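# Structure assessment
Now for the letters of each chain:
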Amino acid sequence: MKKIFLLIINFLVLSLLIQVIIICFTTKFTTKYSLKTTTNEYLIEEYFKKENNISTYNFIITTKTNKKYTFKVQKNFNKQKHIIKDIKYFKEGNVECLYPLFKRNYTSDVSCYYNKTQVSYSYLNQLNNKNIKKISSKLKKLGYKTNISSTPNPSKKYKNLVVYQKNIPNNYIFTTWNYKGIDILKSNDLSSKQFLKNDKYENSLAIICNDYYIYIDNTKKEIKEIKAYNMLNQKQKEFKLNDLSADIYFNGIYNNELYITDKKTKKQYIYNPKKNKLKELNSYFILKNDKIKEVNRDTFFQKNIIFTDFIENNDISNKYLTKEIKYENNYYYFLTSNGNFYRLYSKNKTSPELLFTFPNIKEWNIKDNDIIFINNDTLYFYNDKLGLLPILKTNELKYNYKNICDFLKKK
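Looking only at helices and strands, one finds five helices and 32 strands in the protein chain. Principal axes of the C-alpha set define a box for the protein chain whose edges measure 80 × 65 × 45 Å. Burial statistics for the protein chain: of 411 residues in total, 48% are counted as buried. Sequence-distant contacts, at least 24 apart, represent 42% of the contacts inside the protein chain between residues at least 6 apart. Surface exposure of the protein chain reaches about 22700 Å², of which carbon and sulfur atoms provide 48%. For the protein chain, the separation between the mean place of its 71 positive charges and that of its 38 negative charges on side chains is 7 Å.

Structure follows, in structure tokens:
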């Protein structure tokens, strides 16, 4: 009897150990389940992936009327499955919203449909939609709330900028080129860093790579160094140059390194700001569909090679009349000809989510699901937790906006 008991204990311990090992080495999984609430029934597709130590759950929730809601949650649930435990449903006029309740008493935000299209809370705010305000009031009465405020924050003057400092999240830094350097905007500080002695209108030889603002002063006759300013510790590195001519340009960033081309000497280089090292390449490389590709010399020097994250997708372009498309973390982001900005989950290509709309978006960028864009004279920031927020306003952006504004998120 004692031996049987020990065998059972050993079996249970071994089973538990196997489960722990499986959990530790699991980096992704997919599961489907149905959820019945007091008012509705839903089919939930749950896609988990852990990458760079970040746990991400993507969801497709299908209703009985075949509406598909897509959204994501970045939170550590110890790789648990079936993490949605309840869904609150609201309908006011032509607005329908779901409010998922997760394990561990975690909540994210509402996901809504408006006129047969999934839309963000921010888009409904842009429309000043009365129905979403009614839904927000119902949420509050139930003890829940939306993370996105409809009350605008005040602005303040800094040099020639109007800055919405209270809109800047604590762990973000925004930059804007001021012809001799950058203005640095944080939630608790507004400052400037001068890089050049003379004004430089176009900001062509500058770029953010991780925590570094990399730049080259080409207002002089000779280019003598690459400089990398660390925006976290405010220290600057310099790499002395011997071989680069004045006829250079930045290809762009790949794998946390800057690619540089010298058109006069017909050479391409890689600069690593963290190691402060410059390496000459033996071949020539372009970026295509987010992958480095080697090309021959003649092809490379036909035109300036600029790394871009814009992609081609004929299905999306033909269906939505897009101007530009980017792809990041399983989502397509695209801007249409009428100024609508959408996000489309790669596993649900029939139901894009309308995030916001502006008539004159001139430049936009995505980093880890955060979006910045310039519309007329204003730089905006969007993410799912905070919604759509103006960051700065300046008349200069009406005329000079290429590579002027950027941001980084402190890790």
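And the narrative resumes.
With that out of the way, let us pick up the sheet that holds strand β13 (residues 190–194). Spatially, four strands are ordered β13-β12-β11-β32 in an open sheet, and the strand pairing comes out antiparallel. The sheet is open, and its two borders are formed by β13 and β32 (405–409), each paired with just one other strand. Geometrically, the sheet is characterised by an average inter-axis angle of 25° between neighbouring strands, direction not taken into account. Across five bridges, the pairing between strand β12 (residues 181–185) and β13 is antiparallel. The residue bridging Ile 184 from the neighbouring strand is Ser 191, located in β13.

Attention shifts here to the environment of Phe 301. On the secondary structure map, Phe 301 appears in the loop between α4 (297–300) and α5 (314–320). Distance from Phe 301 to Lys 267, taken between C-alpha atoms, is 10.0 Å for residues 34 residues apart in sequence.

Moving on, we get to the state of the cysteines. For the coordinates displayed, the defined rule picks out one disulfide. Left unpaired, Cys 209 is separated from the closest cysteine sulfur, that of Cys 405, by 19 Å. With a relative accessible area of 1%, Cys 209 lands in the buried category. Residue class for Cys 405 comes out buried when judged on its relative accessible area of 8%.

Our focus in this paragraph is the pairing of strand β21 (residues 277–280). Across four bridges, the pairing between strand β20 (residues 267–272) and β21 is antiparallel. What sits directly across from Tyr 269, in β21, is Glu 280. Where β20 folds back onto β21 in an antiparallel hairpin, the turn is made up of four residues, including Asn 276, whose phi is positive at roughly 55°.

It is worth spelling out unusual backbone geometry at this point. Positive phi is not limited to glycine here, since Asn 255 has a value of about 55°. Overall, Asn 255 belongs to the exposed group, its relative accessible area being 57%. The phi dihedral of Asp 368 is positive, around 50°, even though this residue is not glycine. Along the chain, Asp 368 turns up in the loop between β28 (361–367) and β29 (370–375).

To continue, consider the nonpolar core. Phe 174, Leu 185 and Tyr 213 are the most contacted members of the largest nonpolar core, which has 33 residues in total. The element that contributes the greatest number of residues to this core is strand β11 (residues 172–177), accounting for four residues. One finds Val 110, Tyr 123, Ile 148 and Ile 325 within the second-largest nonpolar core, a separate group that totals 24 residues.

A separate point is the pattern of salt bridges. Counted under the stated rule, the structure contains 13 salt bridges. As a salt-bridge pair, Asp 86 and Lys 88 come within 3.6 Å of each other at their nearest N and O atoms. Judged by its relative accessible area of 22%, Asp 86 falls in the partly exposed class. The salt bridge partner of Glu 280 is Lys 267, with a shortest N-O separation of 3.9 Å.

Definitions and cut-offs
Residues numbered from 1 in each chain as written. Predicted model: local features only at pLDDT ≥ 70, side-chain atom pairs only at ≥ 80, totals over all residues. Heavy atoms only, no water. Helix = DSSP H or I, 4+ residues; strand = E, 2+ residues; numbered from the N terminus. Buried < 20%, exposed > 50% of the residue type's maximum accessible area, 1.4 Å probe, protein only. Contact = heavy atoms within 4.5 Å. Areas by Shrake-Rupley, 256 points an atom, 1.4 Å probe, with all protein chains shown as cover. Lys, Arg positive; Asp, Glu negative; His and termini not counted. Charge placed at Lys NZ, Arg CZ, Asp CG, Glu CD. Pairing = 2+ DSSP bridges. Axes fitted to C-alpha atoms, helices over the stretch in contact; angles between N-to-C directions. Disulfide = S-S within 2.5 Å. Core = buried A, V, L, I, M, F, W, Y, C linked by side-chain atoms within 4.5 Å. Salt bridge = Lys/Arg side-chain N within 4 Å of Asp/Glu carboxyl O.

Fair warning: the whole summary comes from geometry, so function is off the table for now.
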